[in-house]
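Structural characterization, general
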Amino acid sequence: DTQQLAKEKAQYREGGSTRAKKRMKLYARPGSFRAQKVLVASQYAGKSVTVVTDAKEKDLKGKAPADRLPLLETDKGCLFESNAIMRFLASDKPELVGKDAFESAEINSWMDFCTNEIEVPAQCVSYPVIGWMDNVPEVSAKALKDLTSALSVLEEHLKLRTFLVGRSITLADISIAAALVLPMKLSLGDKERKSLTCVTRWFNTCVNQEKFVKVIGPVTVCKKPTKPKAAAKSAAPKKVEKPAAPEPAPAPEKPKDPLAALPKSSFVLDSWKRQYSNAPGGDYYKSMDWLWENFDAEGWSIHKSVYNYNEECKIVFQTSNLCGGFMQRSDAVRKYLFGVIDILGTESQQEVHGMWLIRGQDMQPLIDANPDAEYHTFTKMELTEENKKIIADCWCAESKLYGKDILDSKVFK
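Criteria and thresholds
- Residues numbered from 1 in each chain as written.
- Predicted model: local features only at pLDDT ≥ 70, side-chain atom pairs only at ≥ 80, totals over all residues.
- Heavy atoms only, no water.
- Helix = DSSP H or I, 4+ residues; strand = E, 2+ residues; numbered from the N terminus.
- Buried < 20%, exposed > 50% of the residue type's maximum accessible area, 1.4 Å probe, protein only.
- Contact = heavy atoms within 4.5 Å.
- Areas by Shrake-Rupley, 256 points an atom, 1.4 Å probe, with all protein chains shown as cover.
- Salt bridge = Lys/Arg side-chain N within 4 Å of Asp/Glu carboxyl O.
- pLDDT = per-residue confidence, 0-100.
- Phe/Tyr/Trp six-rings, centres within 6.5 Å; stacked < 30°, edge-to-face > 60°.
- Lys NZ or Arg CZ within 6 Å of the ring centre and 35° of its normal.
- Pairing = 2+ DSSP bridges.
- Axes fitted to C-alpha atoms, helices over the stretch in contact; angles between N-to-C directions.
- Expected span 1.5 Å × (residues − 1).
- Bend = angle between axes of the 7 residues up to and from the residue.
- Polar contact = N/O pair within 3.5 Å; in protein donor to acceptor, adjacent residues only side chain to side chain.

Structural notes on the overall build of the protein
Looking only at helices and strands, one finds 15 helices and ten strands in the protein. Relative to its full complement of 413 residues, the protein shows a buried share of 47%. A sequence separation of at least 24 residues applies to 75% of the contacts in the protein between residues at least 6 apart. On the protein, roughly 22,100 Å² of surface is accessible, and the fraction owed to carbon and sulfur atoms is 53%.

Thoughts on the pattern of salt bridges
In total, this model carries 13 salt bridges according to the counting rule given. Ionic pairing is found between Glu156 and Lys159, a salt bridge with its closest N-O pair at 3.2 Å. Relative accessible area serves as the criterion here: at 48%, Lys159 is assigned to the partly exposed category. Residue Lys388 is joined to Glu385 by a salt bridge in which the shortest nitrogen-to-oxygen separation is 3.8 Å. On the criterion of helical spacing, the pair formed by Lys388 and Glu385 is a turn pair, its members being three residues apart in helix α15 (residues 385-396). Glu385 sits in the exposed class, given a relative accessible area of 62%. Bridged by salt links that share partners, the residues Arg34, Lys37 and Glu119 form one connected network.

Topic: the confidence of the model for the protein
Across the protein, pLDDT averages 86, with 87% of residues at or above 70. The lowest-confidence element of the protein is helix α1 (residues 2-14), averaging 47 in pLDDT; the highest-confidence one is helix α8 (residues 171-186), averaging 96. With pLDDT under 50 throughout, residues 7-21 is counted as low confidence; its partners more than four residues away or in other chains account for 44 contacts.

Structural notes on the packing of aromatic side chains
Evaluation of the coordinates by the stated rule reveals 18 aromatic pairs. With a centroid separation of 5.7 Å and an interplanar angle of 55 degrees, the aromatic rings of Trp272 and Tyr276 are classed as tilted. Residue Trp272 and its partner Tyr276 are both found in helix α11 (residues 269-277); the two are separated by four residues, about one turn of the helix. Assigned by exposure class, Trp272 and Tyr276 land together as buried. Summarising the aromatic geometry, the rings of Trp272 and Trp290 are spaced 6.4 Å apart at their centres and angled 20 degrees between planes, so their arrangement reads as stacked. Of the two residues, Trp272 is situated in helix α11 and Trp290 in helix α12 (residues 288-294); the sequence distance between them amounts to 18 residues. Through pairs of rings, three or more aromatic residues link up here, namely Phe267, Trp272, Tyr276, Tyr284, Trp290, Trp292, Phe295, Trp300, Phe338 and Trp395. Lys211 extends its terminal NZ or CZ atom over the ring of Tyr44, reaching a point 5.6 Å from the ring centre.

With respect to the pairing of strand β6 (residues 337-345)
Here β6 lies mainly inside the structure; nine of its nine residues are buried. Side-chain alternation along β6 places Leu337, Gly339, Ile341, Ile343 and Gly345 on one buried face and Phe338, Val340, Asp342 and Leu344 on a second face that is also buried. Where β6 folds back onto strand β7 (residues 350-359) in an antiparallel hairpin, the turn is made up of four residues. The sheet contact formed by β6 and strand β10 (residues 404-412) spans six bridges and is antiparallel. Bridging from a neighbouring strand, Asp342 pairs with Ser409 of β10.

Considering the environment of Leu171
Assignment of secondary structure puts Leu171 in helix α8. On the basis of relative accessibility, which here comes to 1%, the residue Leu171 falls in the buried class. Separated by 131 residues in sequence, Leu171 and Val40 place their C-alpha atoms 9.3 Å apart. Not counting residues within four places of it along the chain, the set of residues in contact with Leu171 comprises Ala41, Met86, Arg87, Ala90, Leu96, Val97, Ile107 and Met111.

Observations regarding the sheet that holds strand β1 (residues 24-27)
Strand order in this open sheet of four strands is β2-β1-β3-β4, and the pairing throughout is mixed. Of all strands in the sheet, those bounded by a partner on one side alone are β2 (49-52) and β4 (77-80). Averaged over all neighbouring strand pairs, the angle between strand axes comes to 25 degrees, with direction disregarded. The sheet contact formed by strand β3 (residues 71-74) and β4 spans four bridges and is antiparallel. Across the sheet, residue Leu72 finds its bridge partner in β4, namely Leu79.

Here we look at α8
Across its 16 residues, α8 extends 24 Å between first and last C-alpha, which sits within 8% of the 22 Å expected from 1.5 Å per residue. Its axis deflected by about 40 degrees at Leu180, α8 carries its strongest bend there, up to four residues before the proline Pro183. Among the 16 residues in α8, 14 count as buried, and that is most of the element.

Examining the side chain of Asp408
Tracing the backbone shows Asp408 in strand β10. Within polar-contact distance, the side chain of Asp408 engages the side chain of Ser320 at 3.0 Å.

Printed below as a string of structure tokens:
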């Protein structure tokens, strides 16, 4: 039934997911290797999974017994822990989970080995490089030693094998390869891998498979380790005499919100957001009449945006993360802003386009609040009939926009 289909599309649009098809949702943090291994497993298992990286913590609370990510939402309920999610997605694929009880136990052994011996040191050697963890040299050195020790076990095992279990990629290979992506790219140079030739050969074999590349993108192992960001100071500061406490300075005046000083407008953004969210039958086009009847063009304006580096958008998962991060960093102007970002194109080449409604006549408040805004070009839309149709399509279309397929869409409201 048409109304039910529209309702389902509306429900998934609110989650920032692909709108035309109902899929399982994977809630994850941007860049999470645990999410990446789940997505690679879903590729091999032939399962459709939509990634959501911008969900609010309060919206996830209570979905599963443990409030942690990644979390998979299915029509039967929610699953947590990445290894359990992988096994669920691949449960009907014996080539991934094992053809018999013994082979399954072998695969599970390597997945547990990854969790217990590889993941923590892998994070400790690579996260300081990208600023996700403080750089403490003693911790990094110990982690590198622990990681190479764990990989020496793999090295011995892989001397006479192409893959960890059996003759093809299983969940064991996916788990460990995903955990090693950042260390191999950033921390394990030629010197560190000198005694790990079989591990390096196996890793390159895994990450260059088409299904890996679709999720993780091209991976090149580093020749030399990348230096971490500035190390945290470990030495205690020298004791100095405490000077007399100065007179307390007067508290600085809280900077005034320039948008709050604008003349009062008859258009209420929250009312528009409610109209849009509750569009009859999930048909967003039906909310547009209300917008044009109530819009105050002197107090508000509408702008289209185009990402300046669309040629670099090659992997849908990463492009979706990019858009999710942009949304999160726009939170400071939420009460003055509404918009939709659409990801258009194909699985191998995407474009990011947006349409924004903002208080005032320019996008400067968003540019000031969101450091990523400088990577987008904004153009004010004159409210001609032709432009009104473009605005409506950007906010309401389900499958095509600017003549291209809509792969994903995120709503900021």
